[in-house]
Amino acid sequence: MYSETIKFIKSLYPNQNPVPLHAPVFLGKEKEYLNECIDTTFVSYVGKFVTKFEEMTAQYTGAKYAVAVVNGTAALQIALQVAGIGDGDEVITQPLTFVATANAISHTGAKPVFVDVDMETMGLSPEKLSEFLKQNGEIKQDYCLNKVTGRKIKAIVPMHTFGFPCRIEEIVEIADNYHIAVIEDAAESLGSFYKGKHTGTFGLAGILSYNGNKTVTTGGGGMIITDNEELARKAKHLTTTGKIPHRWEYKHDIIAYNYRMTNLNAAIGVAQMEYFDRILKSKKETTNLYREYFCNTDIKFFTAPKDTVANYWLNVIQLKDKADRNDFLEYSNSNGVMTRPIWCLMDNLKMYTNCMKGNLDNSRWLEDRVINIPSGYRKI
């Protein structure tokens, strides 16, 4: 039943067996820059490549400031903390996300609240968000109170799922009306734009991830991007052990974290950013081939909504039901093509089952049907 589809995917990646979901590639000066780090002994977070990677990321995304850290989870945690989120607060996010989103919220001491996603974007739904806040939110002088729990709703974290931009402008407008900060989880969407503006730059801050399977990888790494100078300054200070800058003294003024990205990781990132357009071009061509193929099948291929440019980090297909999804997963992974289901919804994980949530019908529908198919770089 699925043999032709698997045959087609293998034809796109003829020299890979099994075909990986999204393997990293190193096509530029990664080794040269790593050798420079070793030769100069600048291998920790002190080094020119950290600064260069931050500058390149800020320039590419259009953000005024970028702060490089050890991973995307840490980036989101710190962005939330410097935005004033902490013990006893609530943060609205979507249940259809990677667990790092909910974990980062929890690391601040806040409680996740789950609101449903759009079918068209797989990202946080403005309609569901507005409905939830109308039912449960109460605007006080300068904050929003959850009338049910008695906690302050301090932030909203929408996620640009698989690199597909959500309806972020509408989300920010709703958040502003309720005095709630927006911190964008753009971990998967480097190279994605909404109405010509890069994801992660609509709210107070956004975060990016450079995990081994991302469009740009540093092995492990994350970035906070923002136009807020004070937030960027605090984020850098908090991730650098709270050390007061001095040529030789070690004085610290807050309990902080050792979260800065190393020069080694940043060197890889700089090299990859130098040919990032080439990576995106390859991924776009792969997506076009998939779109053309699936339009002649009974399988739905997910495409970027209106007003968006997606990086197509992971290409997405939708099967007719959960049984069909499971059959496809079993067949493809048994026949040399790595495919994966969408994540288990956050409210179904034991540590988050007691979190407040709205109606999650869209998320549950997608969870039963969505599959990611191989989306890595192809030489063109």
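Computed from a predicted structure; not experimentally measured.

### Concerning unusual backbone geometry
At step 1: Of the consecutive residues Asn17 and Pro18, the connecting peptide bond is found in the cis state with omega at 0°.
At step 2: Secondary-structure assignment places Pro18 in the loop between α1 (3–12) and α2 (30–40).
At step 3: Its identity is not glycine, yet Phe162 carries a phi of approximately 60°, on the positive side.
At step 4: If you trace the backbone, Phe162 turns up in the loop between β6 (152–157) and α7 (168–177).
At step 5: Given a relative accessible area of 1%, Phe162 falls into the buried group.

### Structural notes on α2
At step 1: Three or more residues of α2 are buried, namely Glu30, Tyr33 and Cys37. The buried residues of α2 all sit within an arc of 75° when viewed along its axis, so they share a single face. Opposite the buried face of α2, at more than 90 degrees from it, the exposed residues are Lys31, Ile38 and Asp39.
At step 2: The inward-facing, buried residues of α2 contact α3 (48–61) and α9 (263–273).

### Points about the state of the cysteines
A covalent bond between the sulfur atoms of two cysteines is what we call a disulfide.
At step 1: In the structure shown here, the tally under the stated rule is 0 disulfides.
At step 2: Cys144 supplies the cysteine sulfur nearest to Cys166, a cysteine that is in no disulfide, at a spacing of 19 Å.

### Observations concerning the packing of helix α4 (residues 72–82) against helix α5 (residues 99–107)
At step 1: Across the interface, α4 lies against α5 with an axial gap of 8 Å and an inter-helix angle of 40°. In this view, α4 runs oblique relative to α5, as classed from their interaxial angle. Where α4 crosses over α5, the two elements pack in a sense that is right-handed. Seen from α4, the contacting residues are Thr73, Leu76, Gln77, Leu80 and Gln81; seen from α5, they are Ala100, Thr101, Ala104, Ile105 and His107.
At step 2: Of the residues in the contact of α4 with α5, the class split is 5 nonpolar, 5 polar and no charged.

### Let's talk about the packing of α1 against helix α11 (residues 322–334)
At step 1: In the contact formed by α1 and α11, the axes pass within 10 Å of each other and the chain directions differ by 45°. Classed by the angle they form, the pair α1 and α11 counts as oblique. The interaxial crossing formed by α1 with α11 has right-handed handedness. Taking contact as the criterion, the partners of Ser3, Thr5 and Ile6 in α1 are, on α11, Phe328, Tyr331 and Ser332.
At step 2: Each residue belonging to the contact of α1 with α11 can be placed in one class, and the counts come to 3 nonpolar, 3 polar and no charged.

### What about the sheet that holds strand β15 (residues 340–341)?
At step 1: Here we have 4 strands laid out as an open sheet, ordered β12-β14-β16-β15, and antiparallel in their pairing. Each having just a single partner strand, β12 (300–301) and β15 make up the two edges of the open sheet.
At step 2: Where β15 lies against strand β16 (residues 370–373), 2 bridges are found, and the strand directions are antiparallel. Directly across from Pro341, in β16, lies its bridge partner Ile371.

### Quick look at α11
One full turn of an α-helix is made of 3.6 residues, so residues set three or four places apart face in the same direction.
At step 1: For α11, with 13 residues, the first-to-last C-alpha span of 18 Å sits near the 18 Å given by 1.5 Å per residue.
At step 2: Residues of α11 that are buried in the fold lie against α1, β14 (315–318), β15, α12 (361–367) and β16.
At step 3: For α11, the N-terminal capping position is held by Asp321, with its side-chain oxygen 3.3 Å away from the main-chain nitrogen of Ala323.
At step 4: Where α11 terminates, the next one or two residues include Gly336, which has phi positive at roughly 80°.

### What to know about the pattern of salt bridges
At step 1: Tallying each qualifying case throughout the model produces 15 salt bridges.
At step 2: We note a salt bridge from Lys128 to Asp116, for which the minimum N-O separation is 2.6 Å. Residue Lys128 is located in helix α6 (residues 126–136), and its partner Asp116 is located in the loop between β3 (111–114) and α6; the two are separated by 12 residues in the primary sequence.
At step 3: Here Glu230 ties to Arg233 by a salt bridge, and the two come within 2.8 Å at their closest N and O atoms. Residue Glu230 and its partner Arg233 are located together in helix α8 (residues 229–238), separated by 3 residues, close to a single helical turn.
At step 4: In this structure Arg233 comes out as partly exposed when scored by relative accessible area, which is 46%.
At step 5: When salt bridges that share partners are traced, they join Asp118, Glu127, Arg167 and Glu170 into one network.

Here is what the cut-offs are and how they apply
Residues numbered from 1 in each chain as written. Predicted model: local features only at pLDDT ≥ 70, side-chain atom pairs only at ≥ 80, totals over all residues. Heavy atoms only, no water. Helix = DSSP H or I, 4+ residues; strand = E, 2+ residues; numbered from the N terminus. Buried < 20%, exposed > 50% of the residue type's maximum accessible area, 1.4 Å probe, protein only. Arc of directions from axis to C-beta. Contact = heavy atoms within 4.5 Å. Disulfide = S-S within 2.5 Å. Axes fitted to C-alpha atoms, helices over the stretch in contact; angles between N-to-C directions. Parallel < 35°, antiparallel > 145°, perpendicular 65-115°, else oblique. Left-handed = near helix turned anticlockwise from the far one by under 90°. Nonpolar A, V, L, I, M, F, W, Y, C, P; charged D, E, K, R; others polar. Pairing = 2+ DSSP bridges. Expected span 1.5 Å × (residues − 1). Polar contact = N/O pair within 3.5 Å; in protein donor to acceptor, adjacent residues only side chain to side chain. Salt bridge = Lys/Arg side-chain N within 4 Å of Asp/Glu carboxyl O.

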